[in-house]
Amino acid sequence: MSFLTSRRARDERPSGSGARLVPPRRASRIGYAAALLPASLVTLGAVAAGRSDKARAWWARAGEQESAARSSPGRPGAWRLSAHALLCVPLGLLALIPVGIEILFVLRGVLYPIVDHGPYDHSWGGPSMAGAWIVHFLVALPFAAAGLGALWLLGRLHSRLAGWMWGRRVGPGPVLALLLSSVAGFVLVIAWIHQL
């Protein structure tokens, strides 16, 4: 933890002519997006158990609102936390799609010889195990990158939507993006089920 603190302090210190802006933490945004569904359910449980402070702190980090959480007099109460958790359920369900892509990348790309023991006569890149492994890994690589990109975009959409919880005005763009992406995700899942 001290490493993260020292790194953050190093990144936020002034350099040269002015203060350096820190880019959004891509890895943490991806991680938060992947955890939106369980976090929504845990938030509802925390609010019901009277632990709104813990849920508020987590959502402040997830929505990149740490400064608003410290300085805002109108911090979200139990009702706003619950409403935000329910709003994040569709985002969490959408995040399951790229999370599934990442799991498939690990199983069918990285661990291909362990998952498929052969024979590789009719596999892509066969008949050797090494050839099949390399081809499956290379085919899965762009999908894994697209899955990470989708998680990052969902995390970005969440941080935009989370602004209302901290008193910022949220325009119709993020809400429309949530509705359109939810419909697109639903259509994708139905198409995937029908092709099985």
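Counting restarts for each chain, with residues numbered from 1 along the sequence as it is written. Restriction of local features to residues with pLDDT of at least 70 applies here, the model being predicted, together with a cutoff of 80 or more for giving and counting side-chain atom pairs; totals for whole chains, interfaces and linings are based on all residues. As a rule here, side-chain values cover all heavy atoms of the structure and leave hydrogens and water aside.

**Student:** Explanation requested: the overall build of the chain in the structure shown.
**Tutor:** Helix numbering and strand numbering both begin at the N terminus, where a helix is a DSSP run of H or I of at least 4 residues and a strand a DSSP run of E of at least 2. What the chain contains, in helices and strands, is nine helices and two strands. In the chain, the succession of helices and strands from N to C terminus is α-β-β-α-α-α-α-α-α-α-α. Categorising residues by exposure relies on relative accessible area from a 1.4 Å probe, with only protein chains included: less than 20% of the type maximum marks a residue as buried, more than 50% marks it as exposed, and the intermediate range marks it as partly exposed. Relative to its 196 residues, the chain shows a buried fraction of 31%. Contact between two residues is taken to exist if any of their heavy atoms lie within 4.5 Å; hydrogens are not considered. Summarising the internal contacts of the chain: among those between residues at least 6 apart in sequence, 66% fall at separations of at least 24. Per-residue and other accessible areas follow the Shrake-Rupley method at a 1.4 Å probe size, with only the shown protein chains counted as cover for residues. As displayed, the chain offers around 12,200 Å² of accessible surface, 69% of which is attributable to carbon and sulfur atoms.

**Student:** Is there a simple way to think about the nonpolar core in this case?
**Tutor:** Generally speaking, nonpolar side chains in soluble globular proteins are found buried as a group. What we call a nonpolar core is a set of buried Ala, Val, Leu, Ile, Met, Phe, Trp, Tyr and Cys residues that are connected through their side-chain atoms within 4.5 Å. Counting 19 residues, the largest nonpolar core has Trp59, Leu81, Leu91 and Leu154 as its most contacted members. Elements that contribute at least two residues to this core include exactly helix H2 (26-34), helix H3 (36-48), helix H4 (52-62), helix H6 (78-110) and helix H8 (129-161). When residues of this core are assigned to their parent elements, the largest contribution, five residues, is made by H6. Once you skip the residues sitting within four places of it in the chain, leucine 91 turns out to touch Leu36, Leu154, Leu157, His158, Leu161 and Leu178.

**Student:** What's the story with the packing of H3 against H6 in this structure? I'm lost.
**Tutor:** In a packed pair of helices, the relevant descriptors are the angle between the two axes and the axis-to-axis distance. At a minimum axis separation of 7 Å, H3 and H6 run at an interaxial angle of 160 degrees. On the basis of the axis angle, H3 is roughly antiparallel to H6. Of the two possible hands of crossing, H3 and H6 adopt the one that is left-handed. Residue-level contacts link Leu36, Leu37, Ser40, Thr43, Leu44 and Val47 of H3 to Ala78, Leu81, Ser82, Ala85, Leu86, Cys88, Val89, Leu91, Gly92, Leu93 and Leu96 of H6. Three categories are distinguished: nonpolar for Ala, Val, Leu, Ile, Met, Phe, Trp, Tyr, Cys and Pro, charged for Asp, Glu, Lys and Arg, and polar for the others, with Gly belonging to the last. A class-by-class count of the residues in the contact of H3 with H6 yields 13 nonpolar, four polar and no charged. In this analysis an axis means a line fitted to C-alpha atoms, helices contributing only their contacting stretch, and an angle means the value between N-to-C directions, from 0 to 180 degrees. Geometric relationships in this document are graded by angle, where less than 35 degrees denotes roughly parallel, more than 145 denotes roughly antiparallel, 65 to 115 denotes roughly perpendicular, and other angles denote oblique. Crossing handedness: left-handed means the near helix sits turned counterclockwise from the far one by under a right angle, and right-handed means the same turn made clockwise.

**Student:** Just to check I follow, could you spell out the side chain of serine 40 for this structure?
**Tutor:** Inspection of the secondary structure puts serine 40 in helix H3. For serine 40, a relative accessible area of 0% translates into the label buried. Those residues in contact with serine 40, other than ones at most four positions away along the chain, are Trp59, Ala85, Cys88 and Val89.

**Student:** Even after reading the chapter, I still don't get a nonpolar patch on the surface, so can you show me in this structure?
**Tutor:** In this scheme, patches are assembled from residues that exceed 30% relative accessible area and form no salt bridge. Like charges are connected within 9 Å, while nonpolar side chains (Val, Leu, Ile, Met, Phe, Trp, Tyr) are connected within 5 Å. By convention in these notes, a salt bridge is any Lys or Arg side-chain nitrogen within 4 Å of a carboxyl oxygen on Asp or Glu. A cluster of nonpolar side chains, contributed by Ile103, Val106, Leu107, Val110, Leu111, Ile114 and Val115, occupies part of the molecular surface with about 540 Å² of accessible area. Where the nonpolar patch is concerned, the elements lending two or more residues are H6 and helix H7 (112-115). Ranked by residue count, the leading element in the nonpolar patch is H6, at four residues. Classification of valine 110 by relative accessible area gives partly exposed; the value is 32%.

**Student:** When you look at the confidence of the model for the chain in this model, what are you seeing that I'm missing?
**Tutor:** Regions with low pLDDT carry predicted coordinates that are not meant to be interpreted in detail. Averaged over every residue, the pLDDT of the chain is 76; the share at 70 or more is 78%. The secondary-structure element of the chain with the lowest mean pLDDT is strand S2 (residues 18-19), recorded at 38, while H8 shows the highest, at 87. Confidence drops under pLDDT 50 across residues 1-23; counting only partners more than four residues distant or on other chains, this segment forms eight contacts. Residue-level confidence of the predictor is summarised by pLDDT, bounded by 0 at the bottom and 100 at the top.

**Student:** Would you mind going over the environment of leucine 178 with me for this structure?
**Tutor:** Along the polypeptide, leucine 178 turns up in helix H9 (residues 172-195). In this structure, the C-alpha to C-alpha distance between leucine 178 and leucine 154, residues 24 residues apart in sequence, is 8.9 Å. When sequence neighbours within four positions are dropped, the list of residues in contact with leucine 178 reads Leu87, Pro90, Leu91, Leu157 and Leu161.

**Student:** In this structure, what is going on with the environment of valine 115? I would like to understand it.
**Tutor:** For valine 115, the location among the structural elements is in helix H7. Overall, the relative accessible area of 40% leaves valine 115 in the partly exposed class. Apart from residues lying up to four places away in sequence, valine 115 is in contact with Leu107 and Arg108.

**Student:** Help me out: how do you make sense of H3 in this one?
**Tutor:** Since the α-helix advances by 3.6 residues per turn, residues separated by three or four positions end up pointing in the same direction. An ideal rise of 1.5 Å per residue puts 18 Å on 13 residues; H3 measures up with 18 Å between its terminal C-alpha atoms. Every buried residue of H3 is accounted for by Leu36, Leu37, Ala39, Ser40, Thr43, Ala46 and Val47. In this analysis, the expected span of each helix is defined as 1.5 Å times one less than the number of residues it contains.

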